[in-house]
Amino acid sequence: MLNITNLYADYGGKPALEDINLTLDSGELLVVLGPSGCGKTTLTRLMNGLAPSYFKGSISGSICIDDRDITGMTAWEIGTIVGSVFQNPKSQFFSSELVGEVAFGCENHGFSREAIQERTDKSIETFSLSLIRKRPLDVLS
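Let us look at the structure shown here. Predicted model only: the values in this text are computed from it and were never measured. (Residues numbered from 1 in each chain as written. Predicted model: local features only at pLDDT ≥ 70, side-chain atom pairs only at ≥ 80, totals over all residues. Heavy atoms only, no water.)

**Some words on the packing of helix α3 (residues 98-108) against helix α4 (residues 113-126)**
Here is step 1 of the chain: Put simply, α3 and α4 touch, their axes get as near as 9 Å, and they point 130 degrees apart. Here α3 lies oblique to α4, going by the angle between them. The way α3 lies across α4 gives a crossing that is right-handed. Contacts between α3 and α4 involve V99, V102, A103, C106 and E107 from the first element and I116, R119, T120, S123 and I124 from the second.
Here is step 2 of the chain: Across the contact of α3 with α4, the residue classes tally to six nonpolar, two polar and two charged. (Axes fitted to C-alpha atoms, helices over the stretch in contact; angles between N-to-C directions. Helix = DSSP H or I, 4+ residues; strand = E, 2+ residues; numbered from the N terminus. Parallel < 35°, antiparallel > 145°, perpendicular 65-115°, else oblique. Left-handed = near helix turned anticlockwise from the far one by under 90°. Contact = heavy atoms within 4.5 Å. Nonpolar A, V, L, I, M, F, W, Y, C, P; charged D, E, K, R; others polar.)

As structure tokens, then:
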């Protein structure tokens, strides 16, 4: 469940969101749409913890997921319960190679080097990606 109450956000004094209130129950789906600059990306950044930790600004109000207020959580903790897919896939790659990209999730959650290697190898094998393992991401379709 997602519960947003009296959410306000700004970047350097210019309001990006004002008085947002939203409740979603488990299993519900929400589509957020609107013109460029209306706050869709800001809302997503707030829900996934990128703002204000990475994208600096001021916020007030609360965002709770499964009755947990995420404002006191670290980005990696939020990442265990919230995910985002951006409009341009190239803007969400963290590595230039397949192995690094597959390993990123485990690295981000603090897995041991051995566990990262094991899980990365298993994932690449499971999805039959061994033949392209060493190819740069920018040459893959």
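Having put the structure on the table, let's press on.
**Quick look at the pairing of strand β1 (residues 2-11)**
Here is step 1 of the chain: As defined by bridge partners, β1 adjoins strand β2 (residues 14-24) across seven bridges and the pair is classed as antiparallel. Residue pairing across strands places I4 opposite L22, the latter belonging to β2.
Here is step 2 of the chain: If you look at the hairpin formed by β1 and β2, you'll find two residues sitting between the two strands, and G12 has a positive phi there, around 65 degrees.
Here is step 3 of the chain: When β1 meets strand β3 (residues 58-65), the two strands line up antiparallel, connected through seven bridges. Its bridge partner lying in β3, I4 is registered against I63. (Pairing = 2+ DSSP bridges.)

**Thoughts on the layout of surface pockets**
Here is step 1 of the chain: If you add up the space inside the largest pocket, you get close to 800 Å³.
Here is step 2 of the chain: Forming the boundary of the largest pocket are 23 residues, of which S84, F86, F94, F104 and N108 lie nearest the centre.
Here is step 3 of the chain: Looking at the lining of the largest pocket, the elements with two or more residues in it are α1 (40-47), α2 (75-79) and α3.
Here is step 4 of the chain: Residue contributions to the lining of the largest pocket peak at four residues, all from α3.
Here is step 5 of the chain: Class assignment of the residues belonging to the lining of the largest pocket gives a composition of eleven nonpolar, ten polar and two charged. (1 Å grid on protein atoms, 1.4 Å probe; cavity = no way out; pocket = protein on both sides within 12 Å on 5 of 7 lines; lining within 4 Å. Points joined across faces, edges and corners; volume = space filled by probe spheres on them.)

**Looking at the environment of F111**
Here is step 1 of the chain: Positionally, F111 belongs in the loop between α3 and α4.
Here is step 2 of the chain: With 15 residues separating them along the chain, F111 and S96 place their C-alpha atoms 21 Å apart.
Here is step 3 of the chain: If we skip the residues at most four places from it in the chain, F111 touches C106, I116 and R119.

**A word on α1**
Here is step 1 of the chain: Of all the positions in α1, only T42, L43 and L46 are classed as buried. An end-on view of α1 places all buried positions within 100 degrees of arc, on one side of the element.
Here is step 2 of the chain: Its buried side turned inward, α1 meets β1, β2 and β3.
Here is step 3 of the chain: One or two steps after α1, the chain reaches G49, where phi turns positive at roughly 85 degrees. (Buried < 20%, exposed > 50% of the residue type's maximum accessible area, 1.4 Å probe, protein only. Arc of directions from axis to C-beta.)

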